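Chain and residue survey
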Amino acid sequence: MYPEFMHDSLKKVEATRARRIELERSGKNVFPPMSAEEREDVLKKFHPDYKADSRRTIRVGPNKGEVLTTEVADMLESHTRIGAAMFDLSSPDYETDLLIVGGGGAGCAAAIVGREHGTKSIISTKLRLGDANSMMSQGGMQAAVTAKDSPTIHYLDALGGGHFDNKADLVRALTEDGPEVVKWLEDLGVVWDKNPDGSMYVLHGGGTSRKRMHSCRDYTGAIIMRTLMDEVRNHPDDIQILEFMPTIELFLDEKGRCAGGVLYNLETEEYFTVKAKAVIIATGGYGRLHIRGFDTTNHYGATGDGLVMAYRAGANLLYMDSVQYHPTGASFPEQIAGFLITEKIRGAGGQPLNKSGELFVWPREPRDVESAAFIRECLERQNGIQTPSGRWGVWLDSPVIEVIQGAGYINKNFPAMYRQFIRYNIDITKEPMLVYPSLHYQNGGVEINDRCETNVKGLYVAGEASGGVHGRNRLMGNSVLDYNVFGRRAGRYAAEYARTAVLGKLSLDHLTAYEEELQKAGIVTDRIAPVLLPSYTPEEVKKRQFTAHYEGTLR
């Protein structure tokens, strides 16, 4: 339940609700959408990407001299976990056609389609199969299938949402493949929400000009991921799953072609080598780096590992100066701080309100604009609500949905959300949620073309680890479509490449070269990457742990 000091603000929310419902029913916008100039202004003044210390120049690697997000640059300017001389590469532990790094949606889709094109795969996953951001997505998947929509309109929405920095060929692939992906997933077993007449039930998302959000209540990611995992596990002869065995570095051959990788067993602490004709990186995002100190919606293993491995192997990165913060991450209860509150809540009529119960932004601005407006309302205008631990938040009025859409709508369409909050005695059919932007998505990534190829031969990337499709801001629902579209494409094109690929001698010499580049640049650091798993041990505890260990070695 909410603490006593928040009750006055909650009463103000209740007092303004009738007037706001009347405005919603009038058919007018409940708050004026921002002009292009207003959007640009609020982004530059309040979005975390624009803070003075949010970016810095990277000093090594393919993107040397470019300005990247500071925490990403720090991660890339780190030491490898292994040495090139540690392994006998003449006798790998495993051989396969495709090494797929990551067991989320993109990795599973790649394995399924790769098998359809005649290849065998190994999925190397850090945790269990399906422990990924793909599983956690709630709101839905965009795809243009209705009579009033088209892939062309979807294309224009995605370009606008990405501030026109998207790679056009990737956006075209995303939007044109969308309708086929809807059918493919349904044929595999996904049960989409539908209207009584059997047509697709779709809603708006922020920044979209048409209703095209397909969903499975608010379990969309879980339903899709379960379906993909089932299909993967149905083919054990063609798809081998190595759980708790993340890939930590890539192999190249003497011609610079990607040729497999080194895996690390988290349980036994053993290393294993895999020779593969092609590698698909599908490692997802980096939310657990907690960029700018923000809470995150991401799963525990989201530490940007694929970026580091690909970068050391010579792959170019794109738009790594851009981070997406979801406007509505939970701010209270603090046990679930950062927890995703789907944009579908606002699509159904939920309204963002300040401490006085007043609307201060149009509910469906693009995510970066909406997030910046929330931050402005709390930090500059001092119209937010502060939690006992000092977090800020604004109200997301969910009870208004029950009035607009009809009683029972929330329990029917947002059962996971309802259960998450009722555990803490907050009934979101009667009380609003307290929300604040949460680190959500890695807008950039490894640069690919529409075949998922990188500039390193034999290395493919799909899903959130790739860069270019979303520009510098992703619209809701395009990530679920992204990992399906490009996971499928990566599986297809990597399989075609693998059929004729003949590998040379395996090598880790690029790691030695990278270490030499760090030294030449004068970079002195004790950072090790890939990060693999984040540490939440407080600094004062780390110091005591180190001291105790050090003293023990002296005895």
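Residues numbered from 1 in each chain as written. Predicted model: local features only at pLDDT ≥ 70, side-chain atom pairs only at ≥ 80, totals over all residues. Heavy atoms only, no water.

**Some details on the packing of helix α7 (residues 168–188) against helix α8 (residues 220–233)**
Across the interface, α7 lies against α8 with an axial gap of 10 Å and an inter-helix angle of 65°. Note on packing geometry: the crossing formed by α7 with α8 is left-handed. Within the contact between the two elements, α7 uses Trp184, Leu185 and Leu188 and α8 uses Ile224, Thr227, Leu228 and Glu231. By residue class, the composition of the contact of α7 with α8 is 5 nonpolar, 1 polar and 1 charged. (Axes fitted to C-alpha atoms, helices over the stretch in contact; angles between N-to-C directions. Helix = DSSP H or I, 4+ residues; strand = E, 2+ residues; numbered from the N terminus. Left-handed = near helix turned anticlockwise from the far one by under 90°. Contact = heavy atoms within 4.5 Å. Nonpolar A, V, L, I, M, F, W, Y, C, P; charged D, E, K, R; others polar.)

**Observations concerning the domain arrangement of the protein**
Taken domain by domain, the protein consists of domain 1 (4–30 + 326–439) and domain 2 (84–322 + 443–500). For domain 1 versus domain 2, the separation of C-alpha centres amounts to 31 Å. On the domain 2 side, the residues contacting the 28 residues of domain 1 number 26 residues. Considering only the surface of domain 1 that becomes buried against domain 2, Lys344, Arg367 and Leu439 emerge as the three largest contributors, covering 31% of it. Here domain 1 and domain 2 share 2 salt bridges between them. For Arg391, the salt bridge identified is with Asp295, shortest N-O distance 2.8 Å. Here domain 1 is connected to domain 2 by 21 residue pairs in polar contact (both at pLDDT 80 or more). (Domains from an automatic or database assignment. Buried area = accessible area lost by both parts, 1.4 Å probe. Salt bridge = Lys/Arg side-chain N within 4 Å of Asp/Glu carboxyl O. Polar contact = N/O pair within 3.5 Å; in protein donor to acceptor, adjacent residues only side chain to side chain.)

**Here we look at the packing of helix α2 (residues 36–46) against helix α11 (residues 367–380)**
Remark: α2 packs on α11, axes separated minimally by 9 Å, with the N-to-C direction vectors making an angle of 60°. For the element pair α2 / α11, the angle class is oblique. When you trace α2 past α11, the crossing you get is left-handed. Counting all contacts with α2, which are made through Arg39, Val42, Leu43 and Phe46, the residues of α11 involved are Asp368, Val369, Ala372, Ala373, Ile375, Arg376 and Glu380. Here the residues of the contact of α2 with α11 sort into 7 nonpolar, no polar and 4 charged. (Parallel < 35°, antiparallel > 145°, perpendicular 65-115°, else oblique.)

**Side note on the pairing of strand β4 (residues 121–124)**
Within a regular beta strand, the side chains point alternately toward one face of the sheet and then the other, so they alternate between its two faces. Both faces of β4 are covered, namely the face carrying Ser121 and Ile123 and the face carrying Ile122 and Ser124. Where strand β3 (residues 94–101) lies against β4, 4 bridges are found, and the strand directions are parallel. Within β4, the position partnered with Ile100 by the bridge is Ile123. As a crossover connection, the stretch from β3 through helix α4 (residues 105–116) into β4 is right-handed. Sheet analysis places β4 next to strand β7 (residues 239–242), joined by 4 bridges and oriented parallel. Residue pairing for β7: Ile122 is matched across the bridge by Gln240. (Buried < 20%, exposed > 50% of the residue type's maximum accessible area, 1.4 Å probe, protein only. Pairing = 2+ DSSP bridges. Right-handed = clockwise from strand over helix to strand, strands pointing away.)

**What to know about the environment of Val191**
Here Val191 shows up in the loop between α7 and β6 (213–214). The class for Val191 is exposed, based on a relative accessible area of 61%.

**Examining the pattern of salt bridges**
If charged atoms from side chains of opposite charge come close, those side chains can pair. Per the counting criterion, the structure on display carries 40 salt bridges. A salt bridge links Arg492 to Glu496, with the nearest nitrogen and oxygen atoms 3.5 Å apart. Note that Arg492 and Glu496 are positioned in helix α15 (residues 478–500) at a spacing of 4 residues, about one turn of the helix.

**A word on the side chain of Glu402**
Within the secondary structure, Glu402 is located in helix α12 (residues 399–405). As a buried residue without a salt bridge, Glu402 has its nearest oppositely charged side chain in Lys430, at a separation of 9.3 Å. Here Glu402 is in contact with Ala407, Gly408, Tyr409, Ile410 and Thr429, once residues within four sequence places are set aside. (Lys, Arg positive; Asp, Glu negative; His and termini not counted.)

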